[in-house]
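Structural description and commentary
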Amino acid sequence: MASARQVNIAIIGAGGVGKCFLSQLEWLAARRQNQKLVLTYIATSKKAVYSDSYSPIALDSVVSTLSSSSQAPLALPKLVDYLAASGTKTVLVDNTSSQDIADAYPSFLRRGISIVTPNKKAFSGSYKLWQDMFAAKEEGGALLYHEASCGAGLPVISTIKDLVETGDEVTKIEGVFSGTMSFLFNSFAPTSGAGGGKWSAEVAKAKELGYTEPDPRDDLNGLDVARKLTILARYAGLEVESPTSFPVQSLIPKELESVASGDEFLARLPEFDAQMEEVKAEAQKEGKVVRFVGNIDVASKQVKVGLEKFDLSHPIAALKGSDNIISFYTKRYGSNPLIIQGAGAGGDVTAMGVTSDLLKVLAQL
């Protein structure tokens, strides 16, 4: 029997998603028959583990090895050189949300280093970076997958790519793209019409349960949803310049945009509850509920993010918990959209999206 071919794995990021991915990688490496997966580099923003001889880093103890390491991470240009010089096929797994690392993707890809990542910033940054990445991938013969950049482990990116690459035409995409916003509005304005608490209380509860960023303004400004829409709009054929190049409704009261901290923001948010109560009451008068959604209309080249009212029977109104729902309207599917629904946030499901991308890359190396 031929010996298993070695594939080197390099990882940046060992936080929530990063730790979940490491445990999935350990499971995968133990079961991979035809390929030997070898972790040769792992880093956080402050520490790293690697060697000049590309010695394997044991997966079962990597978290403690990393935390006790005195090595500093390699600067990105040096990391490109280090990975490219191994002489072995290498996959970089970027489990961060760093713009600096995203900006370096073309350098890695050009040198034949494949990338899998949940990092939205690479794919929703400038349109030039988008073009550079895909050109560099072709030039270096590398692979680039980012399923988890939109909807965690949900098959959103793979679905739109399959639709477009098989010749279908996407006409419209709409949905709830944020687990945080889904949870907030399903709690604040339930379809039953009863039980919704004050807006500020729902935001505080969501933060306590870990659904929001440490500073909830990072969710309420709508930018996370705008990034996801930018990615999908580009795959649908629109040359969207950036997530700030189309209308994005922020739910941060103007007066609280510049307060010093997330805690101060939460302390003062009750002053503005009446504004959101009014929005909810207006929808109820029409027998509807309000939800925070994203819309892409391909024909009119319109992309927008914000509050909309929905009939109680609409799939978007009926979401539960922190689920995402994304509806793809296409020429083939006609007036009945292809709908993807499920958990759109969480360490394990996001890491699953990354691991499944790694499997796709391994199948082609």
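As a reminder, the structure under discussion sits directly above these lines.
Okay, so let's go over this structure. Everything quoted here is computed from the prediction, not taken from an experiment.

1. Thoughts on the overall build of the protein
- Each helix and strand counted, the protein has 15 helices and eleven strands in total.
- Expected size for 365 residues packed as a compact globule is a radius of gyration near 21 Å; at 22 Å, the protein falls within 12% of this value.
- Based on the C-alpha atoms only, the size of the protein along its principal axes is roughly 70 × 50 × 35 Å.
- Looking at the protein as a whole, 52% of its 365 residues qualify as buried.
- Excluding contacts between residues fewer than 6 apart, the proportion of contacts in the protein whose partners are at least 24 apart in sequence is 68%.
- Looking at the protein as shown, the accessible area adds up to about 16100 Å², and 51% of this sits on carbon and sulfur atoms.
- For the protein, the centre of its 37 positive side-chain charges and the centre of its 41 negative side-chain charges are spaced 4 Å apart.

2. Side note on the packing of helix 7 (residues 127–140) against helix 12 (residues 223–235)
- Between helix 7 and helix 12, the shortest axis-to-axis distance is 12 Å and the interhelical angle comes to 55 degrees. One finds that helix 7 runs oblique with respect to helix 12. Of the two elements, helix 7 crosses helix 12, and the hand of that crossing is right-handed. Residues Tyr127, Trp130 and Phe134 of helix 7 touch helix 12, and the partners they reach there are Ile231, Arg234 and Tyr235.
- Among the residues forming the contact of helix 7 with helix 12, the class breakdown is five nonpolar, no polar and one charged.

3. Some details on helix 3 (residues 76–84)
- Among the residues making up helix 3, those that are buried are Leu79, Val80, Tyr82 and Leu83. Within helix 3, the buried residues cover an arc of 165 degrees as seen down the axis, which keeps them to one side. Counted as exposed and oriented over 90 degrees from the buried face of helix 3: Pro77 and Lys78.
- Elements that come into contact with the buried residues of helix 3 comprise strand 1 (5–12), strand 2 (35–43), strand 3 (48–50), strand 4 (90–94) and helix 5 (105–110).

4. Examining unusual backbone geometry
- Even without being glycine, Ala152 reaches a positive phi, approximately 55 degrees.
- As for its position among the elements, Ala152 is in the loop between strand 6 (144–145) and helix 8 (156–165).
- The exposure class of Ala152 is buried, given its relative accessible area of 5%.
- In this model, Lys301 sits at a positive phi of 55 degrees, which is unusual for a non-glycine residue.

5. Here's the deal with helix 10 (residues 199–208)
- Among the residues making up helix 10, those that are buried are Trp199, Ser200, Glu202, Val203 and Ala206. Looking straight down helix 10, one finds that the buried residues subtend no more than 160 degrees of arc, so they occupy a single side.
- Just beyond helix 10, the residue with positive phi is Gly210, at close to 85 degrees.

6. Here we look at the sheet that holds strand 6
- Pairing is mixed across the open sheet formed by six strands, whose spatial order is 3-2-1-4-5-6. The open sheet terminates on both sides in strands that have one partner only, identified here as strand 3 and strand 6.
- Direction of pairing for strand 1 relative to strand 4: parallel, over a ladder of five bridges. In the sheet register, Ile12 faces strand 4, and the bridge partner there is Asp94.

Reading the values: the criteria
Residues numbered from 1 in each chain as written. Predicted model: local features only at pLDDT ≥ 70, side-chain atom pairs only at ≥ 80, totals over all residues. Heavy atoms only, no water. Helix = DSSP H or I, 4+ residues; strand = E, 2+ residues; numbered from the N terminus. Rg over C-alpha atoms; globule rule 2.2 N^0.38 Å. Buried < 20%, exposed > 50% of the residue type's maximum accessible area, 1.4 Å probe, protein only. Contact = heavy atoms within 4.5 Å. Areas by Shrake-Rupley, 256 points an atom, 1.4 Å probe, with all protein chains shown as cover. Lys, Arg positive; Asp, Glu negative; His and termini not counted. Charge placed at Lys NZ, Arg CZ, Asp CG, Glu CD. Axes fitted to C-alpha atoms, helices over the stretch in contact; angles between N-to-C directions. Parallel < 35°, antiparallel > 145°, perpendicular 65-115°, else oblique. Left-handed = near helix turned anticlockwise from the far one by under 90°. Nonpolar A, V, L, I, M, F, W, Y, C, P; charged D, E, K, R; others polar. Arc of directions from axis to C-beta. Pairing = 2+ DSSP bridges.

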